[in-house]
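Chain by chain, the residues run as shown.
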Amino acid sequence: MTAFFTLRWHAPDAVELLDQRLLPRREHYLHLRSAGEVADAIRTLAVRGAPAIGCAAAYGIAVEAVRCRHLDASGFASALQAAFGVLAASRPTAVNLFWALARMRAVHEALAGSPPIHAASKLLEEAHAILAADVAANEAMGRHGAALVPDGATILTHCNAGALATAGHGTALGVIRSAVAAGKKVRVFADETRPVLQGARLTAWELSRDGIDVTLLPDGAAGHLMATQKVDLVVVGADRIAANGDVANKIGTYQVAVMARRHGVPFYVAAPLSTFDFSVADGRAIPIEQRDPSEVTGYGAERWAPDGIGVFNPAFDVTPADLVSAIITEAGVVHRPDTQTLARLRADAATA
Ligand code: MRU
């Protein structure tokens, strides 16, 4: 059981979230009281991970609605309009952000004409529902995914797709947590995940807090690990999955998938349905965030690269569907994902 939380509502008027920029050295919770503050927290990675970004964006709308609930109808509408804009511009790749904003917008539009105080309470209810559904989806994914984990498994993961990246439990790390809860022994190898070090700072922290055996490795050692030791499976999360099963995830995921194929290791992706974007046919249409060069030329105040050096710093890459053994969702496991198998998943989920 994790003794921290990623984000929650702090009544009467704030979003409370764990500042992930400070982990693992400091556990400090931020209290954010406007959509602009929430957008800044998303942009600067105080909160990160696709499902957590979606939940934060939902609360970003709710907190703005609460803050503006005493304005007249037109002041309230323009404040909310600006809030949707600033949150949508915070980060481009994780589709959960846009999925959550679309849900919040539908509630907002359905309430047009009702008193702002009433709209604010309905928007807050919707944000709570998004958060609760995310925890339930992660637990369901965990149950489905745990069946793919053999007892005694050695597992490789990349980035942080854990409780910290979601409203709780995690996607890839949720599968691992559920396998452990089912009595399986596992050993986890966590890529450090250059340049922002989500593996070293976050995955290592949250798994060791749960007493799960975790070993950190430099990203460049993943191929050597698979070549020299028995790795039973790779499991990672996703930021956006195209209609054909191409998976955008943290930079470095693609090379892990290539190495896994080379060494015959199953490569699993755990992601909720809110991470699928059926409007993009394949991974080429997924927008890839480019981040600041300073993330690569040093860390924090420390600089190690020559001043003025050119930098290529994409935050995500796309793993082609044919390298993905299966996608684990809350609605079940899709083996060998492609346009047909995912269309079936979508249709089944719509009628469930
Ligand atoms: O830049 P980040 O830290 O937001 O990137 C996070 C990832 O790439 C995760 O693997 C992904 O969001 C899945 S989280 C369940």
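To be clear, the structure that these remarks concern was listed above.
Residues numbered from 1 in each chain as written. Predicted model: local features only at pLDDT ≥ 70, side-chain atom pairs only at ≥ 80, totals over all residues. Heavy atoms only, no water.

Undergrad: Please set out the overall build of the chain residue by residue, giving values where relevant.
TA: A count of helical and extended segments in the chain gives eleven helices and 16 strands. In terms of C-alpha radius of gyration, the chain reaches 20 Å, essentially the compact-globule figure of 20 Å for 352 residues. Seen through its C-alpha atoms, the chain measures out along the principal axes to roughly 65 × 55 × 40 Å. Excluding contacts between residues fewer than 6 apart, the proportion of contacts in the chain whose partners are at least 24 apart in sequence is 74%. Carbon and sulfur atoms form 55% of the exposed surface of the chain, whose accessible area is close to 14400 Å². Looking at charge distribution, the chain has the averaged site of its 32 positive side-chain charges lying 2 Å from that of its 35 negative ones. (Helix = DSSP H or I, 4+ residues; strand = E, 2+ residues; numbered from the N terminus. Rg over C-alpha atoms; globule rule 2.2 N^0.38 Å. Contact = heavy atoms within 4.5 Å. Areas by Shrake-Rupley, 256 points an atom, 1.4 Å probe, with all protein chains shown as cover. Lys, Arg positive; Asp, Glu negative; His and termini not counted. Charge placed at Lys NZ, Arg CZ, Asp CG, Glu CD.)

Undergrad: Tell me what's going on with the pairing of strand β5 (residues 186–191), and back it up with residues and numbers.
TA: Across the six residues of β5, five count as buried, placing the element largely inside the fold. Bridging between strand β4 (residues 153–157) and β5 involves five bridges; their strand directions are parallel. In the strand pairing of β5, Ile-155 is matched with Val-188. Considered for its hand, the β-α-β crossover made up of β4, helix α6 (residues 172–181) and β5 is right-handed. Note: β5 against strand β6 (residues 214–217), four bridges, orientation parallel. Paired with Val-188 across the bridge in β6 is Val-214. Following the chain from β5 across helix α7 (residues 198–209) to the adjacent parallel β6, one finds a crossover that is right-handed. (Buried < 20%, exposed > 50% of the residue type's maximum accessible area, 1.4 Å probe, protein only. Pairing = 2+ DSSP bridges. Right-handed = clockwise from strand over helix to strand, strands pointing away.)

Undergrad: Break down the pairing of strand β10 (residues 267–270) for me, with residues and values.
TA: Residues Phe-267 and Val-269 line one face of β10 and the alternating positions Tyr-268 and Ala-270 line the opposite face, and both faces are buried. With three bridges joining them, strand β7 (residues 233–236) and β10 adopt parallel strand pairing. Across the sheet, Val-235 pairs through a bridge with Tyr-268, a residue of β10. When β10 meets strand β15 (residues 326–329), the two strands line up parallel, connected through three bridges. When the sheet's bridge partners are listed, Tyr-268 is paired in β15 with Ala-326.

Undergrad: Let's hear about the sheet that holds β6: which residues, and what values?
TA: Pairing within the open sheet is mixed, and its seven strands lie in the order β6-β5-β4-β7-β10-β15-β16. In this open sheet, the two edge strands, each paired with only one partner strand, are β6 and β16 (332–335). For this sheet the average axis-to-axis angle between neighbouring strands, irrespective of direction, equals 25°. With respect to the sheet, helix α9 (residues 253–262) is in contact with β4, β5, β7 and β10, its orientation differing from that of β10 by roughly 140°. (Axes fitted to C-alpha atoms, helices over the stretch in contact; angles between N-to-C directions.)

Undergrad: An account of the pattern of salt bridges is requested, with residue identities and associated values reported.
TA: Per the counting criterion, the structure on display carries 16 salt bridges. For Glu-126, the salt bridge identified is with Arg-103, shortest N-O distance 3.0 Å. Placement of Glu-126 in helix α5 (residues 116–146) and of Arg-103 in helix α4 (residues 95–110) is noted, with a sequence separation of 23 residues between them. Judged by relative accessible area, Arg-103 falls into the partly exposed class, the value being 26%. When the shortest N-O distance is used, the salt bridge between Arg-284 and Asp-282 registers 2.7 Å. Because the salt bridges share partners, they merge into one network encompassing Arg-91, Glu-289, Arg-291 and Glu-295. (Salt bridge = Lys/Arg side-chain N within 4 Å of Asp/Glu carboxyl O.)

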